[in-house]
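Fold and contact review
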Amino acid sequence: MRSQSLVAALSLLGSAALALDVQFPVNTAEETYVRPLNTIKLNVPPYSSNTGQWMLDEGPPENTTGNLIFDTVHSFLQHWPNTRYRNGHNIVPGVIPNGTLLHHGTSGNTIPSKPDWTATDPEHSITFARGWDGGGWHLTMAVTRPLKVLYFDGSSAAKVSEGTMDTQDIIAWGEVQPERYFDEGRRIKDLCVWGKEFGIDGFARMEMDFEVMLCDFTAGVEIVSFLHVRLSPRDRNSYLPHLPSPPRLPSPPPFDSDFWVRTFEVMHSGSWHNRYPGDSRIVLDLTGLISLYDIGLAPSLIPVRAGLERCDHRVLGISSEDISQVKRKLAEVISRSHPVNSGIDWKTLIHVIVDRYADRLELMQHLLNFTSSDSHELLQRAKLTQTQLRVMITPYLLDSTVIPNAGTSGVDASQWASPIFRLCATTHTSVMIQQIPSMTPSEHLLLKAVEETMREICRVTTKMWAYGAISGLDTLFPIELNGEPDVTQILNDWRHDIQKLMSWLDWSVWIKCRPACGPEEMCYLPTWPINAPMPSHPPPPPPFPPPPRDPRNTTDASETDYLADRVEPPPEIVDPFFLFEAPTEEWRKPEPKCIRRLFPYGF
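Rules behind the numbers
Residues numbered from 1 in each chain as written. Predicted model: local features only at pLDDT ≥ 70, side-chain atom pairs only at ≥ 80, totals over all residues. Heavy atoms only, no water. Helix = DSSP H or I, 4+ residues; strand = E, 2+ residues; numbered from the N terminus. Buried < 20%, exposed > 50% of the residue type's maximum accessible area, 1.4 Å probe, protein only. Contact = heavy atoms within 4.5 Å. Areas by Shrake-Rupley, 256 points an atom, 1.4 Å probe, with all protein chains shown as cover. Expected span 1.5 Å × (residues − 1). Core = buried A, V, L, I, M, F, W, Y, C linked by side-chain atoms within 4.5 Å. Phe/Tyr/Trp six-rings, centres within 6.5 Å; stacked < 30°, edge-to-face > 60°. Lys NZ or Arg CZ within 6 Å of the ring centre and 35° of its normal. Disulfide = S-S within 2.5 Å. Pairing = 2+ DSSP bridges. pLDDT = per-residue confidence, 0-100. Axes fitted to C-alpha atoms, helices over the stretch in contact; angles between N-to-C directions. Parallel < 35°, antiparallel > 145°, perpendicular 65-115°, else oblique. Nonpolar A, V, L, I, M, F, W, Y, C, P; charged D, E, K, R; others polar.

**Considerations on the overall build of the protein chain**
A count of helices and strands for the protein chain gives 16 helices and 12 strands. Out of the 603 residues belonging to the protein chain, those deemed buried represent 54%. Counting contacts in the protein chain only where the partners sit at least 6 residues apart, residues at least 24 apart contribute 78% of the total. Of the roughly 26,600 Å² of accessible surface on the protein chain, 55% is carried by carbon and sulfur atoms.

Written as structure tokens, this is what we have:
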């Protein structure tokens, strides 16, 4: 970099830093030149006056949720993390752009005249194109104007009573009603009635793949095709096993391989959106984020979550006052005609942070998963780990950094290393302080989540590096030691620190199949409906009309069976997946496994 460019960059950084209460005074109004940061004496006042705010031994408060907001935002519209943590806590406005295709499967040749379900991938919707003779109808539509939608995160289309529907309940019905988890017909109707006032066209959710609950099939979409398709031979319909009722049998009915091929391909199409950026056909507006992890918006959930593992978090237990506040804020967000915001790309910022640290923290965890009785091997592993720690904080290692000898009177890591900690923690957000006046309340929440997450990452990594440095393990900053460092203790402390940090961050990018799956396999997380446990008493289906005389002239098929998104099941069609059971812990804490991409699959 040219010296002029460096000076300009540092000048900009200095100007931004002046807006902070805990800034580095790189430049002042009276100065006509810029002092590089590495010439500042960080161990004398006033630069040490704020070290109390940057203590390396002070972790995040017990009830902080910045890490949870950070991770859920990073996980939006990604199938993998929302399968892992299926109980969503966020409602986000968004649009589906012009030209996007939406798909709908049905048993009849009639286009829906009321709210109904569409899929973003045809592999998902075509499974609903099932008629009495093994054929069905498949509708493909193109979006002709941006469709205004609300996104519910988590596995928000999974029909279970454990919390997946909570955020929808409070919008549709003003309270969580877990006993109505299968009342999908009323749910879509009431959501669309509520959303009509605000011009909402639909609601985006996720089950095996992503779907859009479309309120009006004549508004903002145009038919591309409406095809009569065949899924089963005419003389054999695997969707009609003619089972007795109720659907509680000791073993599943025999389905042919074509049935399982279609089933797998729904899961397969969902896996295309496992990782960032997820399903990009739904474009979210994070400046209107509503998060139930916002302790200012929903304080009643703080004691509800207390002591629970994250997989058990849900919205049930929220107070009526908080529900009213959530609905008021949501109404304000989606009523904005010309929203003013900071223009910050929060999605990219959060992804950049995950990109920068995820692999490196995982490497640290790997390096520390090491034992040996050989002191030389332990020392070499500690030095290797120390180098990787230094790599993570290299952009913030000032030339003026002086490593004190261990045991030096009046010196501790929180004092001499706090400037490094502070630089690391604030670099991404320091200039954003200037844009706070133009930020929406949702952006304030996002900024706080980024700050809290970066602070903890930088606190732990700086602390670990400083511990190694004063122990003489860093070749870039050699020091004289009185005796040999206790390498075993250092490695044990590091192992504890990195594990605690990664557990706190809890990024789903670290959840993967180990070893990696083969070319005929796919890494799979147990998901609804295949691996969902059955309740002891399944909810009875609502009444439905008798089958028409001519099955080919049926109205829109309802879909509460295995890929359920309808309430009223076709006559005599039983949900086959309700016959499968999964261990409770496997469902509660799904673990990745390799399954075959070819029949038989091994879900």
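What follows picks up the thread again.
**Some remarks on helix H6 (residues 184–196)**
The periodicity of an α-helix, 3.6 residues per turn, causes residues three or four positions apart to be oriented the same way. With 13 residues, H6 extends 18 Å from end C-alpha to end C-alpha; this agrees with the ideal 18 Å at 1.5 Å per step. For H6, the complete set of buried residues consists of Glu184, Arg187, Ile188, Asp190, Leu191, Cys192, Trp194 and Gly195.

**Some thoughts on the nonpolar core**
Counting 86 residues, the largest nonpolar core has Trp346, Tyr357, Leu361, Trp465, Trp494 and Trp507 as its most contacted members. The greatest single-element share of this core, amounting to 14 residues, is contributed by helix H14 (residues 441–470).

**Quick look at the packing of aromatic side chains**
What the rule picks out here adds up to 17 aromatic pairs. For the pair Trp54 and Phe421, a centre-to-centre distance of 5.1 Å together with 85° between the ring planes defines the contact as edge-to-face. Of the two residues, Trp54 sits in the loop between helix H1 (3–17) and helix H2 (66–75) while Phe421 sits in helix H13 (residues 418–426), which places them 367 residues apart along the sequence. When its relative accessible area of 0% is taken as the criterion, Phe421 is described as buried. A centroid spacing of 5.7 Å and a plane angle of 80° characterise the contact between Phe76 and Tyr151, whose relative ring orientation is edge-to-face. In this pair, Phe76 is assigned in the loop between H2 and helix H3 (79–84) and Tyr151 in strand E5 (residues 147–154), connecting sequence segments 75 residues apart. Across this residue pair, the class does not change: Phe76 and Tyr151 are buried. Aromatic rings pair up to connect Phe259, Trp260, Phe264, Tyr524, Phe599, Tyr601 and Phe603 into one cluster. Across the ring face of Phe370, the terminal group of Arg381 is positioned such that the distance to the ring centre comes to 4.1 Å.

**Here's the deal with the state of the cysteines**
Enumeration over the complete set of coordinates arrives at 4 disulfides. Between the sulfur atoms of Cys513 and its disulfide partner Cys523 the distance amounts to 2.0 Å. In this structure the cystine formed by Cys513 and Cys523 twists about its S-S bond by roughly 95°; its chirality is therefore right-handed. With Cys513 in the loop between helix H15 (487–505) and strand E11 (521–524) and Cys523 in strand E11, the pair connects residues that are 10 residues apart, well separated along the chain. Classification of Cys513 as buried rests on a relative accessible area of 11%. Numbered in order of appearance, the disulfide-bonded cysteines of the protein chain are paired 1-2, 3-4, 5-7, 6-8.

**A few points about unusual backbone geometry**
The residue after Arg514, namely Pro515, is reached through a cis peptide bond having omega -5°. Note that the residue after Trp528, namely Pro529, is joined by a cis bond; omega there is 0°. Position of Pro529 among the secondary structure elements: in the loop between E11 and helix H16 (584–588). The phi dihedral of Asp506 falls on the positive side, at around 60°, and the residue is not glycine. Summarising the element assignment, Asp506 is placed in the loop between H15 and E11. The class of Asp506 is buried, set by a relative accessible area of 13%.

**A word on helix H7 (residues 257–271)**
Counted at 1.5 Å a residue, the expected span for H7 with its 15 residues is 21 Å, and the 21 Å between its end C-alpha atoms agrees. Within H7, 11 of the 15 residues are buried, leaving the element largely enclosed by the surrounding structure. Among the residues making up H7, those that are buried are Phe259, Trp260, Arg262, Thr263, Phe264, Val266, Met267, His268, Ser269, Gly270 and Ser271. Taken together, the buried residues of H7 touch H3, helix H4 (122–125), E11 and strand E12 (593–596).

**So, the environment of Pro233**
Position of Pro233 among the secondary structure elements: in the loop between strand E8 (221–230) and H7. For the pair Pro233 and Gly135, spaced 98 residues apart in the sequence, the C-alpha separation amounts to 8.2 Å.

**Points about the pairing of strand E6 (residues 202–206)**
Of all 5 residues making up E6, 5 are buried, and the element is well covered by its neighbours. Across 3 bridges, E5 lies against E6 in parallel orientation. If you follow Val149 over to E6, its bridge partner there is Gly202. Judged from the 5 bridges that link them, E6 and strand E7 (residues 210–214) form a sheet pairing that is antiparallel.

**Things to note about the confidence of the model for the protein chain**
Of the residues in the protein chain, 78% have a pLDDT of 70 or more, and the chain-wide mean is 84. This stretch, residues 541–583, has a pLDDT under 50; its non-local contacts, to residues over four places away or in other chains, come to 124 contacts.

**As for the packing of H14 against H15**
Following both chains from N to C, one finds H14 and H15 inclined at 175°, their axes separated by 10 Å at the closest point. With respect to H15, the element H14 is oriented roughly antiparallel. Contact with H14, carried on its side by Glu452, Thr453, Glu456, Ile457, Val460, Lys463, Met464, Tyr467 and Gly468, involves Gln489, Ile490, Asp493, Trp494, Asp497, Ile498, Leu501, Trp504 and Leu505 of H15 and no other residues of that element. Here the contact of H14 with H15 is composed, by residue class, of 10 nonpolar, 3 polar and 5 charged.

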